[in-house]
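# Per-entry structural report
Okay, here's what each chain looks like letter by letter:
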Amino acid sequence: CESVTDFNPDITISDGRYASQLGVTLFPLNLSYFVGKDVLINGIFYIDRPIAFNNCRIKLAAGAQIVVLSQIYKVELLAFQTKFFSCDDMWKGMVFGQGTRCRIYYCEIEDAQHALTIHSYVSLALIGNTFNRNFISIRNAEGNTTLPFLYIKGNEFNCTSELSDYYDLDFPGISEDP
């Protein structure tokens, strides 16, 4: 949180909210589009139509999650020069349902338990991003055996300081030292 100063959310997204409920649309594309906004996400935010973040700061509360719902290549998350972070406990991460699209360019994704969880047939492009202080940065969803990268270039995977506390990770048969 030290690198994010003067964060005052322009938009707060409550638990269980859908992108189609936000009322921000770029006509005629039926696309929710945010530019230069500070966004706070509390709980699970469901993306059920294309959404784009350009030069935004997105703070995710402890345990918050972004879920891109499956609709066979009709739903996409596009992020450009945007920072995804949490200041307290880790957030859960972003889940891309089967047949969705993900384009993330020159973003910072921090403090997530599982930053990107990818189901099958996801159109995935990652360019110039920094994944920092995540427990796992990119992983397959259960039952998915491949990562469907359309394009991956210039991404950095880092851990510049200790990880934040886990929100609710459960590893059967393993006990952690607090």
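The notes below deal with the structure included here. Because the structure is predicted, anything quoted here is derived from the model rather than measured. (Residues numbered from 1 in each chain as written. Predicted model: local features only at pLDDT ≥ 70, side-chain atom pairs only at ≥ 80, totals over all residues. Heavy atoms only, no water.)

This part is about the pattern of salt bridges. A full pass over the atoms with the stated rule returns six salt bridges. One salt bridge connects Arg 133 with Asp 111, and the closest N-O pair in it is separated by 2.3 Å. Here the residue Arg 133 occupies a position in the loop between strand S16 (130-132) and strand S17 (136-140), and Asp 111 occupies one in the loop between strand S13 (108-110) and strand S14 (114-118), the gap between them amounting to 22 residues. Residue classification places Asp 111 among the buried positions, given a relative accessible area of 1%. In this structure, a network of salt bridges that share partners links the residues Glu 76, Arg 101 and Arg 103. (Salt bridge = Lys/Arg side-chain N within 4 Å of Asp/Glu carboxyl O. Helix = DSSP H or I, 4+ residues; strand = E, 2+ residues; numbered from the N terminus. Buried < 20%, exposed > 50% of the residue type's maximum accessible area, 1.4 Å probe, protein only.)

Taken in spatial order, the seven strands line up as S1-S4-S7-S10-S13-S16-S19 in an open sheet, and their pairing is parallel. The open sheet terminates on both sides in strands that have one partner only, identified here as strand S1 (11-13) and strand S19 (156-158). Across the sheet, the mean angle separating the axes of adjacent strands is 15 degrees when strand polarity is ignored. (Pairing = 2+ DSSP bridges. Axes fitted to C-alpha atoms, helices over the stretch in contact; angles between N-to-C directions.)

Another point: the side chain of Lys 83. For Lys 83, the position within the fold is in strand S10 (residues 83-85). Separated by 2.9 Å, the side chains of Lys 83 and Glu 108 make a polar contact. (Polar contact = N/O pair within 3.5 Å; in protein donor to acceptor, adjacent residues only side chain to side chain.)

Let's shift gears to the packing of aromatic side chains. Counted by the stated rule, this structure contains five aromatic pairs. Here Phe 7 and Phe 85 contribute two aromatic rings whose centre-to-centre distance is 5.8 Å and whose plane-to-plane angle is 90 degrees, an arrangement assigned as edge-to-face. Residue Phe 7 is found in the segment before S1, and its partner Phe 85 is found in strand S10; the two are separated by 78 residues along the sequence. In this structure Phe 85 comes out as buried when scored by relative accessible area, which is 1%. Each ring, one from Tyr 18 and one from Tyr 46, has its centre 4.9 Å from the other, and the planes form 20 degrees; the classification is stacked. Here Tyr 18, found in strand S2 (residues 17-18), pairs with Tyr 46, found in strand S5 (residues 44-47); they are 28 residues apart in sequence, far enough to count as distant. On the accessibility criterion, Tyr 46 (22% relative accessible area) is partly exposed. (Phe/Tyr/Trp six-rings, centres within 6.5 Å; stacked < 30°, edge-to-face > 60°.)

Turning our attention to the state of the cysteines. All chains considered together, the criterion is met by zero disulfides. Cys 107 provides the cysteine sulfur closest to Cys 56, a residue in no disulfide bond, and the two sulfurs are 9.4 Å apart. Look at Cys 56 and you get buried, because its relative accessible area is 2%. (Disulfide = S-S within 2.5 Å.)

Within soluble globular proteins, side chains that are nonpolar tend to cluster in buried spots. Counting 37 residues, the largest nonpolar core has Leu 77, Met 94 and Ile 104 as the members making the most contacts within it. Once residues within four sequence positions are removed from consideration, Met 94 is found in contact with Ile 66, Leu 77, Phe 84, Ile 104, Ile 109, His 114, Ala 115, Leu 116 and Thr 117. (Core = buried A, V, L, I, M, F, W, Y, C linked by side-chain atoms within 4.5 Å. Contact = heavy atoms within 4.5 Å.)

Of the pairings in the sheet, the one linking strand S9 (residues 76-80) to strand S12 (residues 101-105) comprises five bridges and is parallel in character. Bridging across to S12, Leu 77 finds its partner in Cys 102. Across five bridges, the pairing between S12 and strand S15 (residues 123-127) is parallel. The residue of S15 that forms the bridge with Tyr 105 is Ile 127.

This paragraph deals with the side chain of Asp 48. Position of Asp 48 relative to the elements: it lies in the loop between S5 and strand S6 (51-54). Comment: no salt bridge for buried Asp 48; closest opposite-charge side chain is Arg 49, at 5.6 Å. (Lys, Arg positive; Asp, Glu negative; His and termini not counted.)

Bridge analysis of S6 against S9 gives four bridges, and the strand direction is parallel. In the sheet register, Ile 51 faces S9, and the bridge partner there is Leu 77.

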